[in-house]
Amino acid sequence: VHRLNREQGVTVVLITHHMPEAIDADRVIVMSDGGVIADGTPKEVFTQVELLRSVQLTVPETTQLLHALNQEGMDLPLDALSVEDCAQAIFDAVKAGKPA
């Protein structure tokens, strides 16, 4: 599906509850009870952790980790969706001496 979209330029509409599938999308629309509750890039949508949880959806594991660390006093960006970006954000925060 990714190759069809990227190489052939075919628009793909994918309906899923599996957040890892949505990370690579150009646009994510979250619906609940027939209405749109979030619309934007994956980075814009997945930073809305509490909103997504309120409709029983999960966020990507990286966002879950960053959100949990923020709850413990760190100041990390929630838009680091890849493992590499998440690790870099944590590394940068520790290197800068941000409290945990």
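Described below are features of the structure shown in this document.

Further remarks concern the overall build of the chain. Assigned secondary structure in the chain consists of 6 helices and 2 strands. Projected onto its principal axes, the C-alpha coordinates of the chain cover approximately 45 × 35 × 15 Å. For the chain, the proportion of its 100 residues judged to be buried stands at 26%. Nonlocal contacts in the chain, meaning residues at least 24 apart in sequence, comprise 24% of its contacts between residues at least 6 apart.

Attention now moves to the pattern of salt bridges. With the rule as written, the count across this model stands at 4 salt bridges. Arginine 3 serves as the salt-bridge partner of glutamate 7, at 3.8 Å between the closest nitrogen and oxygen. Here arginine 3 and glutamate 7 lie together in helix 1 (residues 2-8), a separation of 4 residues that amounts to about one turn. Classification of glutamate 7 as exposed rests on a relative accessible area of 57%.

So, on to the packing of helix 5 (residues 61-71) against helix 6 (residues 83-95). Two elements in contact, helix 5 and helix 6, have axes separated by 10 Å at closest approach and are oriented at 15°. Classified by the angle between their axes, helix 5 and helix 6 sit roughly parallel to one another. Read as a crossing pair, helix 5 and helix 6 show a hand that is left-handed. Across the interface between the two elements, Thr62, Leu65, Leu66 and Leu69 of helix 5 pack against Val83, Cys86 and Ile90 of helix 6. Classifying every residue of the contact of helix 5 with helix 6 by side-chain character gives 6 nonpolar, 1 polar and no charged.

Attention now goes to unusual backbone geometry. With phi around 50°, aspartate 33 is a residue other than glycine that occupies positive phi space. Along the chain, aspartate 33 falls in the loop between strand 1 (28-32) and strand 2 (35-40). Classification of aspartate 33 by relative accessible area gives exposed; the value is 84%. The phi angle at glutamine 56 is positive, at roughly 60°, despite the residue not being glycine. Tracing the sequence through the fold places glutamine 56 in the loop between helix 4 (49-54) and helix 5. Take glutamine 56: its relative accessible area is 69%, and that puts it in the exposed class.

A separate point is the nonpolar core. Core analysis: the largest hydrophobic core is formed by 20 residues, its most contacted members being Val30, Val45, Phe46, Leu52 and Leu66. Secondary structure elements with two or more residues in this core: helix 2 (19-22), strand 1, helix 3 (42-46), helix 4 and helix 6. Every residue in contact with valine 30, bar those within four places of it in the chain, is listed here: Gly35, Val36, Ile37, Ala38, Val45, Leu52 and Leu57.

Turning next to the pairing of strand 2. Regular strands place side chains that alternate from one sheet face to the opposite one. Summarising the sheet, strand 1 and strand 2 pair through 5 bridges and their orientation is antiparallel. Along strand 2, the bridge assignment pairs valine 28 with glycine 40. In sequence, strand 1 turns back onto strand 2 through a hairpin of 2 residues, with aspartate 33 there showing a positive phi of about 50°.

Criteria and cut-off values
- Residues numbered from 1 in each chain as written.
- Predicted model: local features only at pLDDT ≥ 70, side-chain atom pairs only at ≥ 80, totals over all residues.
- Heavy atoms only, no water.
- Helix = DSSP H or I, 4+ residues; strand = E, 2+ residues; numbered from the N terminus.
- Buried < 20%, exposed > 50% of the residue type's maximum accessible area, 1.4 Å probe, protein only.
- Contact = heavy atoms within 4.5 Å.
- Salt bridge = Lys/Arg side-chain N within 4 Å of Asp/Glu carboxyl O.
- Axes fitted to C-alpha atoms, helices over the stretch in contact; angles between N-to-C directions.
- Parallel < 35°, antiparallel > 145°, perpendicular 65-115°, else oblique.
- Left-handed = near helix turned anticlockwise from the far one by under 90°.
- Nonpolar A, V, L, I, M, F, W, Y, C, P; charged D, E, K, R; others polar.
- Core = buried A, V, L, I, M, F, W, Y, C linked by side-chain atoms within 4.5 Å.
- Pairing = 2+ DSSP bridges.

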